[in-house]
Every structure is written in C-alpha cells, then in structure tokens.
Amino acid sequence: MLIVFLILLFGFITLLVYYYFLVQQRHQYFKQRGVSTPPFNFFFGHFKTLWNAPLYHRQLEIWTKQYGKIYGIYEGTHPVLVVSDPSFLQEVFIKQFSVFHTRMITMLDDISHNLAFSTGSKWRRQRHVINPSFTAMKLRAMGPLINESISDFMDKLLEHSNIGGEFNIYLYYKRLTMDIIFRCAFGIDIDLQNNPNHIYFKKVEELVGIRTVLKSSIFKMTQLIPEIRDILGRLYIVHNTARKYINTRVLPLISSTKQLDESAFAWLLNRLHTIVEQRQETPIPRKDLLQLMLQAMTKEPNQVSNIQSIA
C-alpha cells in the first residue's frame, strides 16, 4: 500500500512540475517575439488586474499609454495582442483577412451557430454574405426608419420643454438607440419611446446587465480553464432548448399564461428566429438590415442554408 501511495505521489508531483514549466513556457510567448507586456502573475496572467479594474477597456487604455499601441497580455496562459494602431489593424483585417479570418473564442462557439459565436471558415462565410448589406447606399436607405425614431425623440423633448423642469435625458437617448436598432436591424416596430416598458426593452436591459455574471467566480473559472467554459456552454444551450420546448409544446396544453423563465439571450434569439421565418414566408417591402440580409441570402443560397445562422 505504501509503495502504491509513493508511486501516486511521485506521479502527482511530476505532473505539477510539468504543468509549472508548461505555464512558464507559455508565458514566454511575447518575450520570445520582442513584444512588451505589463507585469503579470503565474497561472492568472493579467486576469487579476483585469478582474479588479472597474472596466476592462479602461485598463487596456492605461496599459496602452504605458506600453504603446501594440503590446501583449495573457488571459491566463492565452496570449492576446492588444493593438490600437490603425495601419496594423488595416493590415490584419483587410489586406491579410484571408489569413486572420476568425475571432475570439467564447463559451458558445461551435454550439450556437450565429455570426457572433462562429469561428474559422464558417465565420468567414457568414461575413462574406452579410458584408454587402453594409454599403453606404444600402444603409442610407434606412434613413426614413431612423428619422421616424428621431421625430419621436424630438416630440418627447418638446413635451418636457413645454412643461419645464429637469429630466434625465439619458433615458431618452437609451430608448432612442434601442428603437433605431430594433427598427433597422431586426425589423421590429415596438414604438419604444412611447412604450418604455415593452418586454423587448426589458430583455435587452437584462442582457446588458450581465456584468454581475461576468464578475462571478464561475465565469472567472471559465476564463482560466477553457474546458469548463465548453462544458458550461453546452449545458447552457441544452438548458434553454429544453425550456423553449416546454414553453412552446408542453405548457400551452396545460395553461395559456404559464411560462418558464428563459435567459434574456435565449428569449431574444428565439423571437428573432420567429421574425426571420415570418419574413421568409411573407416578404414585405421594408428597407431594413434584416431585409438586406435576406436578399443577400437569396442571391447566394450556397453560402448559408438559413439567415438564422447570421441573425
């Protein structure tokens, strides 16, 4: 028994030593390439500093002032190049796009198939389909939709001007922004500025308010250990798929009002898929981004099987 214990202990110590030198080697990535990097911690890399910073991007701004427009950071042991040099970005994203046609991996990659969570050739194909929708002429065609939202916004300001007194204009700018996004991007007229308690707006606010989740211990562990991230991502998809099935197929047979709660992301995604299906079945002469993407999909049927892959 003692021999078995000693063998296991020796194996465990060997693995720890191997892992230690593996982490050390990975943290030499930028040094070997002559790229400057702020001080960091073993295993955590720069995460401890980023987690304690009020805002992620503000910390990057501070480091940019100290280390220049191009420097490296470690998210755990994963090297990340931070760039704010326009010419360098043009070289990567335009001139050599065929080499760098991917994006940062998230916990929903290869699980959710929309543009925000695709990688590699799939992401590149979706980008190829959607890019023609963003020409200046086509975006200019959405001007009337934007002007309608601005007119509603000006009417609200005029009401306050007639009444007098102070008011929080930030709330109106937020509603104006979301009103334009829903009208132009998703083809939904929810009249948000006259209906600020609309369920779509509440779900978006819930989605934006995810910062508390980003600071949780579980989320931090997913950043440090990608294997946990992948498992949780798959559990998230299974969980929300099951809830959607129960809400749409089971509960309507029992009650017309009772519904299980869905996460804001899943709730919005399910509704947007329904809107896409309706627009595919019954096309309407509307100049919005969704219509432009549907037209792009029709012109290149071999590129994507369904516009839901992009939306």
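What you see is a predicted model, and the numbers here were worked out from it, not measured in a lab.

Participant: What's the story with the overall build of the protein in this structure? I'm lost.
Facilitator: When helices and strands are counted, the protein shows 15 helices and two strands. The burial tally for the protein puts 31% of its 311 residues in the buried class. Contacts in the protein between residues at least 24 apart in sequence constitute 54% of all its contacts with a sequence separation of at least 6. For the protein, the computed accessible surface area is about 20100 Å², with 62% contributed by carbon and sulfur atoms.

Participant: Explain the nonpolar core to me, please; I cannot follow it from the model alone.
Facilitator: The tendency in soluble globular proteins is for nonpolar side chains to be buried side by side. Counting residues in each nonpolar core, the largest one holds 23 residues, and the members touching the most others are Met-178, Phe-182, Ile-188, Ile-190, Tyr-200, Ile-275 and Leu-290. Among the secondary structure elements, those contributing two or more residues to this core are helix H9 (169-185), helix H10 (199-208), helix H14 (264-281) and helix H15 (289-299). Excluding residues within four positions of it along the chain, Ile-190 makes contact with Asp-179, Phe-182, Asn-195, His-198 and Tyr-200. Counting ten residues, the second-largest nonpolar core is a separate cluster that includes Phe-47, Trp-63, Ile-73 and Val-82.

Participant: Which parts of the structure should I look at to understand the side chain of His-46?
Facilitator: You can see His-46 is positioned in the loop between helix H2 (29-32) and helix H3 (47-52). Within the structure, His-46 has its side chain in polar contact with the backbone oxygen of Pro-38 (distance 2.7 Å). Setting aside residues no more than four positions away along its own chain, His-46 makes contact with Thr-37, Pro-38, Pro-39, Phe-40, Trp-63, Gly-72, Ile-73 and Tyr-74.

Participant: So what exactly am I meant to see when it comes to the confidence of the model for the protein here?
Facilitator: Parts of the model with low pLDDT should not have their predicted coordinates read in detail. Mean pLDDT for the protein: 82, with 86% of residues reaching 70 or above. The model gives residues 302-311 a pLDDT under 50, and that stretch makes 31 contacts with residues more than four places away or in other chains.

Participant: Teacher, can you tell me more about the pattern of salt bridges here?
Facilitator: If charged atoms from side chains of opposite charge come close, those side chains can pair. Counting across every chain of the model gives seven salt bridges. Between Glu-148 and Arg-183 there is a salt bridge, with the nearest N and O atoms lying 3.7 Å from each other. With Glu-148 in helix H8 (residues 143-163) and Arg-183 in helix H9, this pair connects stretches of sequence that are 35 residues apart. The partly exposed category is assigned to Glu-148, whose relative accessible area is 41%. Look at Arg-183 and you get buried, because its relative accessible area is 7%. The salt bridge partner of Asp-288 is Arg-279, with a shortest N-O separation of 3.0 Å. Judged on exposure class, the residue Asp-288 and its partner Arg-279 are both buried.

Participant: I would appreciate a short explanation of the packing of H8 against H9 in the present structure.
Facilitator: When two helices pack together, their arrangement is captured by the angle between the axes and the distance separating the axes. Two elements in contact, H8 and H9, have axes whose closest approach is 9 Å; the angle formed by their N-to-C orientations is 160°. With respect to their mutual orientation, H8 and H9 come out roughly antiparallel. Taken as a pair, H8 and H9 cross one another with a handedness that is right-handed. Residues Leu-145, Ile-146, Glu-148, Ser-149, Ile-150, Asp-152, Phe-153, Lys-156, Leu-157 and His-160 of H8 touch H9, and the partners they reach there are Ile-169, Tyr-172, Tyr-173, Leu-176, Asp-179, Ile-180, Arg-183 and Cys-184.

Participant: I would appreciate a short explanation of the packing of aromatic side chains in the present structure.
Facilitator: The way to describe two aromatic rings as a pair is by their centre distance and the angle between their planes. Per the stated rule, a full pass over the model turns up 15 aromatic pairs. Plain terms: the ring middles of Tyr-200 and Trp-267 are 5.2 Å apart, the flat faces sit at 70° to each other, and that makes the pair edge-to-face. Linking Tyr-200 in helix H10 with Trp-267 in helix H14, this pair joins segments that are 67 residues apart in sequence. The same class applies to Tyr-200 and to Trp-267, which are both buried. Put simply, the rings of Tyr-19, Phe-43, Phe-44, Phe-47 and Trp-51 touch in pairs and so form one group of aromatic residues. Geometry around Tyr-29 places Arg-33 over its ring, the cationic atom sitting 3.7 Å from the centre. Across from the ring centre of Tyr-172, 5.3 Å away, lies the NZ or CZ of Arg-175, which sits over that ring.

Participant: For this particular structure, what's the right way to read the UniProt feature "transmembrane region" (unreviewed entry) in the protein?
Facilitator: According to UniProt, the "transmembrane region" (unreviewed entry) feature falls on residues 6-23. Across residues 6-23 one finds 100% helix and 0% strand; the C-alpha atoms that close the span lie 26 Å apart.

Participant: What should I look at first to understand unusual backbone geometry in this one?
Facilitator: Leaving glycine aside, a negative phi is the common case for residues, and trans is the common case for peptide bonds. A positive phi angle, near 70°, is found at Phe-43, a position not held by glycine. Looking at the element boundaries, Phe-43 is found in the loop between H2 and H3. The exposure class assigned to Phe-43 is partly exposed, which follows from its relative accessible area of 24%.

Participant: How should the packing of H9 against H10 be read in this particular structure?
Facilitator: At a closest axis distance of 11 Å, the pairing of H9 and H10 adopts a crossing angle of 105°. In this view, H9 runs roughly perpendicular relative to H10, as classed from their interaxial angle. Between H9, through Lys-174, Arg-175, Met-178 and Phe-182, and H10, the contact on the second element is made entirely by Tyr-200, Phe-201, Val-204 and Glu-205. Tallied by class, the residues present in the contact of H9 with H10 amount to five nonpolar, no polar and three charged.

Rules and cut-offs
- Residues numbered from 1 in each chain as written.
- Predicted model: local features only at pLDDT ≥ 70, side-chain atom pairs only at ≥ 80, totals over all residues.
- Heavy atoms only, no water.
- Helix = DSSP H or I, 4+ residues; strand = E, 2+ residues; numbered from the N terminus.
- Buried < 20%, exposed > 50% of the residue type's maximum accessible area, 1.4 Å probe, protein only.
- Contact = heavy atoms within 4.5 Å.
- Areas by Shrake-Rupley, 256 points an atom, 1.4 Å probe, with all protein chains shown as cover.
- Core = buried A, V, L, I, M, F, W, Y, C linked by side-chain atoms within 4.5 Å.
- Polar contact = N/O pair within 3.5 Å; in protein donor to acceptor, adjacent residues only side chain to side chain.
- pLDDT = per-residue confidence, 0-100.
- Salt bridge = Lys/Arg side-chain N within 4 Å of Asp/Glu carboxyl O.
- Axes fitted to C-alpha atoms, helices over the stretch in contact; angles between N-to-C directions.
- Parallel < 35°, antiparallel > 145°, perpendicular 65-115°, else oblique.
- Left-handed = near helix turned anticlockwise from the far one by under 90°.
- Phe/Tyr/Trp six-rings, centres within 6.5 Å; stacked < 30°, edge-to-face > 60°.
- Lys NZ or Arg CZ within 6 Å of the ring centre and 35° of its normal.
- UniProt positions renumbered as here; feature names shortened; annotations may be inferred.
- Nonpolar A, V, L, I, M, F, W, Y, C, P; charged D, E, K, R; others polar.

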